[in-house]
Amino acid sequence: MSIQPIRLFGDPVLVTPASDVVDFDKELRNLVADLTETMLEAPGAGLAAPQIGVSLRVFVWDVDDALGHLINPTLDLSEEIQEGEEGCLSFPELRYETPRAFRAVAKGWNMYGEPIIVEGTQLLARALQHETDHLNGILFIDKLSKSDRKSAMKEIRESDWFGITIAAGFNPAIKVSPHDTFGRNL
Ligand code: ZN
């Protein structure tokens, strides 16, 4: 188990749809452990495998003091919408109003290959949607209003981390103060 560098926006892995997990083996359990450890250290409320450079359909969360993980998820969403700001560990310091379904039911598998159903509202529902999007190569800035997306892109271009990422072709290790995110980034 080890803490992995979190890939930042600009890394192609973040916009690449991830592959289904086929083997529920020790390697998968190590991936879940690495994701969990990396999320807790960030700290964040959720983390998807592509965010540590692994293009597999796996994510973890830490919401309301409960840790969880899900593999090869599918989602059913409520029509009822929740308002609220959202952030992402792959976008240091960005937070924007991001509409999401109020309630989500996620079906998938745990790391032992057993089918599980996870049902959540509010932050858990938000996390399930945000992380499933990551597995499809969709990022939270894709969910913003047109004007917020424009501001977000401007903020990204002007950020310290964006140019470095692109120029170097890899992600610098960025430490974001937990006070900026209250550990709620996904
Ligand atoms: Zn994210």
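Our subject is the structure listed above.
As the structure is a prediction and not an experimental result, all values here were calculated from the model.

**Student:** Can you help me understand the pairing of strand 2 (residues 58–63) in this one?
**Tutor:** Strand residues, when the strand is regular, have side chains that alternate between the two faces of the sheet. Among the six residues in strand 2, five count as buried, and that is most of the element. Bridge analysis of strand 1 (residues 46–48) against strand 2 gives three bridges, and the strand direction is antiparallel. By the bridge assignment, A48 is partnered in strand 2 with F59. Direction of pairing for strand 2 relative to strand 3 (residues 66–77): antiparallel, over a ladder of six bridges.

**Student:** Explain the pattern of salt bridges here, please?
**Tutor:** Where charged atoms of side chains with opposite charge meet at close range, the side chains can pair. According to the stated counting rule, one finds ten salt bridges in the structure shown. In this structure, D133 and K143 form a salt bridge, with 3.8 Å as the shortest nitrogen-oxygen distance. In this pair, D133 sits in helix 2 (residues 122–135) while K143 sits in the loop between helix 2 and helix 3 (146–157), placing the two residues ten residues apart along the sequence. We classify D133 as buried; its relative accessible area is 11%. Among the charged side chains, a salt-bridge network with shared partners connects E86, R100, R126, D133 and K143.

**Student:** Would you mind showing me how to read the coordination of the zinc ion here?
**Tutor:** Octahedral metals with six donors have ideal donor angles of 90 or 180 degrees. Tetrahedral metals with four donors have an ideal donor angle of 109.5 degrees. Only C88 (SG), H130 (NE2), H134 (NE2) and L186 (O) from the protein reach the zinc ion as donors, at distances of 2.0 to 2.4 Å. Taken together, the four donor atoms coordinating the zinc ion and their angles of 97 to 141° define a geometry best described as irregular. Mapped onto the polypeptide sequence, the residues donating to the zinc ion form the spacing pattern C-x41-H-x3-H-x51-L. Linking C88 in the loop between strand 5 (85–87) and strand 6 (95–97) with H134 in helix 2, this pair joins segments that are 46 residues apart in sequence. Each member of the pair, C88 as well as H134, is classed as buried.

**Student:** Where do I start with the pairing of strand 3 in this structure?
**Tutor:** Here strand 2 folds back onto strand 3 in antiparallel fashion, the turn holding two residues, of which D64 has a positive phi close to 50°. Pairing analysis gives five bridges linking strand 3 to strand 8 (residues 103–109), with the strands arranged antiparallel. When the bridges of strand 8 are listed, L77 appears paired with A104.

**Student:** In this structure, what is going on with the layout of surface pockets? I would like to understand it.
**Tutor:** Rolled over the atoms, a probe with the dimensions of a water molecule shows which regions are left empty. Its volume calculated, the second largest pocket comes out at about 160 Å³. As for the second largest pocket, its lining consists of V21, V22, D23, D25, E27, L28, L31, V54 and L56.

About the thresholds
Residues numbered from 1 in each chain as written. Predicted model: local features only at pLDDT ≥ 70, side-chain atom pairs only at ≥ 80, totals over all residues. Heavy atoms only, no water. Buried < 20%, exposed > 50% of the residue type's maximum accessible area, 1.4 Å probe, protein only. Helix = DSSP H or I, 4+ residues; strand = E, 2+ residues; numbered from the N terminus. Pairing = 2+ DSSP bridges. Salt bridge = Lys/Arg side-chain N within 4 Å of Asp/Glu carboxyl O. Donors = N, O, S within 2.8 Å, 3.2 Å for Na, K, Ca; no water. Tetrahedral: all angles 85-135°; square planar, octahedral: opposite > 155°, others 65-115°. 1 Å grid on protein atoms, 1.4 Å probe; cavity = no way out; pocket = protein on both sides within 12 Å on 5 of 7 lines; lining within 4 Å. Points joined across faces, edges and corners; volume = space filled by probe spheres on them.

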